[in-house]
Amino acid sequence: MDLVKLQRQLVDYKASLYHECVLDEQFTQLQQLQDENNPDFVVEVVSLFFEDSERLLNELTKALEQQSIDFKRVDAHVHQLKGSSSSIGAQRVQKSCIAFRNYCEEQNVEGCLACLQQVRLEYSLVKTKLEYMFQLEQQILSSGGSIPI
């Protein structure tokens, strides 16, 4: 695929991520912090988000499998996930966490389990989409092009 087509594909793909509310303006702000002195800034921050989210999702699964659920602990994990998803602009993950926290407050086990599945789904979606976007960016750079803004 030629470079101009790849760049157009990237621009259209990024636009779809905002249109589908997968990402919000916070991701744009994150991208603006990247410069030639730190060209991998966004990938590094998002990779940390992925690692942290995987850990938190595993912790949430374990916590909700307990005979006696510590809802304060569950809520603390969800709060942390909400904050980290908000910081990278993962809007749909963040919104799912808001609903999850409401069920924690109500100590509603079924609601929490349903929200955990929804958060996992939204997390998986944003991870897949961002990884694809980073692959497109890498293809463009490997072809000698620059990333369109």
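The following refers to the structure shown. (Residues numbered from 1 in each chain as written. Predicted model: local features only at pLDDT ≥ 70, side-chain atom pairs only at ≥ 80, totals over all residues. Heavy atoms only, no water.)

## Focus: the layout of surface pockets
Space inside the largest pocket adds up to approximately 670 Å³. Secondary structure elements with two or more residues in the lining of the largest pocket: α1 (3–19), α2 (25–32), α3 (41–65) and α6 (109–142). Classifying every residue of the lining of the largest pocket gives 11 nonpolar, 5 polar and 5 charged. (1 Å grid on protein atoms, 1.4 Å probe; cavity = no way out; pocket = protein on both sides within 12 Å on 5 of 7 lines; lining within 4 Å. Points joined across faces, edges and corners; volume = space filled by probe spheres on them. Helix = DSSP H or I, 4+ residues; strand = E, 2+ residues; numbered from the N terminus. Nonpolar A, V, L, I, M, F, W, Y, C, P; charged D, E, K, R; others polar.)

## Here we look at unusual backbone geometry
Despite not being glycine, Cys21 has its phi angle at roughly 60°, a positive value. Within the element layout of this structure, Cys21 appears in the loop between α1 and α2. The backbone of Gln107 shows a phi angle near 55°, a positive value even though the residue is not glycine. For Gln107, the position within the fold is in the loop between α5 (91–106) and α6. On the accessibility criterion, Gln107 (52% relative accessible area) is exposed. (Buried < 20%, exposed > 50% of the residue type's maximum accessible area, 1.4 Å probe, protein only.)

## Topic: the pattern of salt bridges
By the definition in use, this model includes 9 salt bridges. When the shortest N-O distance is used, the salt bridge between Asp12 and Arg8 registers 2.8 Å. Linking Asp12 with Arg8, this pair stays in helix α1, spanning 4 residues, or about one helical turn. Here Arg8 falls in the partly exposed class, since its relative accessible area comes to 47%. Across the pair Glu122 and Arg92 runs a salt bridge whose closest N-O atoms are separated by 2.9 Å. Of this pair, Glu122 sits in helix α6 while Arg92 sits in helix α5, placing them 30 residues apart in sequence. The exposure class of Glu122 is buried, given its relative accessible area of 9%. Relative accessible area serves as the criterion here: at 29%, Arg92 is assigned to the partly exposed category. If you follow the salt bridges from partner to partner, you end up with Glu54, Lys127 and Glu131 in one network. (Salt bridge = Lys/Arg side-chain N within 4 Å of Asp/Glu carboxyl O.)

## Observations regarding the side chain of Ser96
As for its position among the elements, Ser96 is in helix α5. Not counting residues up to four positions away in its chain, the partners in contact with Ser96 are Gln118, Val119 and Glu122. (Contact = heavy atoms within 4.5 Å.)

## Describing the environment of Asn108
Assignment of secondary structure puts Asn108 in the loop between α5 and α6. A relative accessible area of 24% means that Asn108 is categorised as partly exposed. Once the C-alpha coordinates of Asn108 and Phe71 are considered, the two residues, 37 residues apart in sequence, prove to be 9.1 Å apart. Apart from residues no more than four positions distant in its own chain, Asn108 is found in contact with Phe71 and Tyr103.

## Structural notes on the packing of aromatic side chains
Per the counting criterion, the structure on display carries 4 aromatic pairs. Arranged with centres 6.0 Å apart and planes meeting at 50°, the rings of Phe49 and Phe50 form a pair that is tilted. Per residue, the accessibility class of Phe49 equals that of Phe50, and both read buried. When the centroid spacing of 6.2 Å and the interplanar angle of 80° are considered together, the rings of Phe50 and Tyr123 count as edge-to-face. Here Phe50 is found in helix α3, whereas its partner Tyr123 is found in helix α6, with 73 residues between them in sequence. In this structure Tyr123 comes out as buried when scored by relative accessible area, which is 5%. Pairwise contacts between aromatic rings join Phe49, Phe50 and Tyr123 into one cluster. The ring of Phe50 has Lys127 lying over it, and the distance from NZ or CZ to the ring centre is 5.6 Å. (Phe/Tyr/Trp six-rings, centres within 6.5 Å; stacked < 30°, edge-to-face > 60°. Lys NZ or Arg CZ within 6 Å of the ring centre and 35° of its normal.)

None of the figures reported here should be taken as evidence of function without further support.
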